[in-house]
Amino acid sequence: MGNSVKYILLLALFGLLILIRLFENELFYDPYLTFFQNDYLYIDSPRREVLKLTLFTSLRYFLNSIISLAILYLVFKDKSIVKFSALIYMLAFVVLISIYLYFVINPRQEDYYLFFNMRRFLIQPIILILLLPAFYYNKLKS
């Protein structure tokens, strides 16, 4: 694969991540999107359907994860990096969704800030932002 094709594919994949973010209100059920845009530290948690919220949050996480794994493969051309990253994504999902469900089921105002920041790992490709420079640094050191 030529460099121009690689860059076009990378641009398309990053574009997909951006589109997921741009159309999050239309694509995903998440009452916390508007809740956290307001002065959430002083208002009550929004009404929510826990199962529906969990399914849509999981869908968003998996979409971001698949796109992120494709980006990692295109950048490094190393299947072992993709396999290791997939393991990280799976373990992170189990831990993060457990914490997420605790906060959703037991909303307390004093936990909103922690919930807000933890939730970002599920709905945004933050793990990709951490893995890209880590693998690049590892590649430089090898």
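Structure's up top.
Quick caveat, the model's predicted, so the values are computed rather than measured.

J.: I tried to follow helix 4 (residues 50–76) on my own but got confused; where do I start?
T.: An α-helical turn contains 3.6 residues, so any two residues separated by three or four positions project in the same direction. Its 27 residues give helix 4 an end-to-end C-alpha distance of 38 Å, which sits within 8% of 39 Å, the value for a rise of 1.5 Å per residue. Note on helix 4: the residue one or two positions beyond its end, Lys-77, has a positive phi of about 50°.

J.: Can you help me understand the packing of aromatic side chains in this one?
T.: Taken as a whole and assessed by the stated rule, the structure comprises 9 aromatic pairs. On the numbers, 6.1 Å between centres and 75° between planes, the contact of Phe-76 with Phe-135 is edge-to-face. Here Phe-135 lies in helix 7 (residues 126–141) and Phe-76 lies in helix 4, a separation of 59 residues in the sequence. Phe-135 shares its class with Phe-76; the two are buried. Consider the rings of Phe-103 and Phe-115, whose centres lie 5.5 Å apart with planes at 40°: the pair is tilted. A residue pair is termed long-range when its members are at least 10 positions apart, and Phe-103 in helix 5 (residues 79–105) and Phe-115 in helix 6 (residues 112–123) qualify at 12 residues. For the pair Phe-103 and Phe-115, one class covers both residues: buried. Its guanidinium or amino end placed over the ring of Tyr-29, Lys-52 lies 4.6 Å from that ring's centre, counting from NZ or CZ.

J.: Quick question: what am I supposed to make of the pattern of salt bridges here?
T.: Where charged atoms of side chains with opposite charge meet at close range, the side chains can pair. Scanning the entire structure with this criterion turns up 3 salt bridges. Notably, a salt bridge pairs Arg-108 with Glu-110, separated by 3.2 Å at the nearest N-O pair. Residue Arg-108 is classed as partly exposed on the basis of its relative accessible area of 39%. Through salt bridges with shared partners, one network takes in Arg-21, Glu-24 and Arg-60.

Reading guide: rules and limits
Residues numbered from 1 in each chain as written. Predicted model: local features only at pLDDT ≥ 70, side-chain atom pairs only at ≥ 80, totals over all residues. Heavy atoms only, no water. Helix = DSSP H or I, 4+ residues; strand = E, 2+ residues; numbered from the N terminus. Expected span 1.5 Å × (residues − 1). Phe/Tyr/Trp six-rings, centres within 6.5 Å; stacked < 30°, edge-to-face > 60°. Buried < 20%, exposed > 50% of the residue type's maximum accessible area, 1.4 Å probe, protein only. Lys NZ or Arg CZ within 6 Å of the ring centre and 35° of its normal. Salt bridge = Lys/Arg side-chain N within 4 Å of Asp/Glu carboxyl O.

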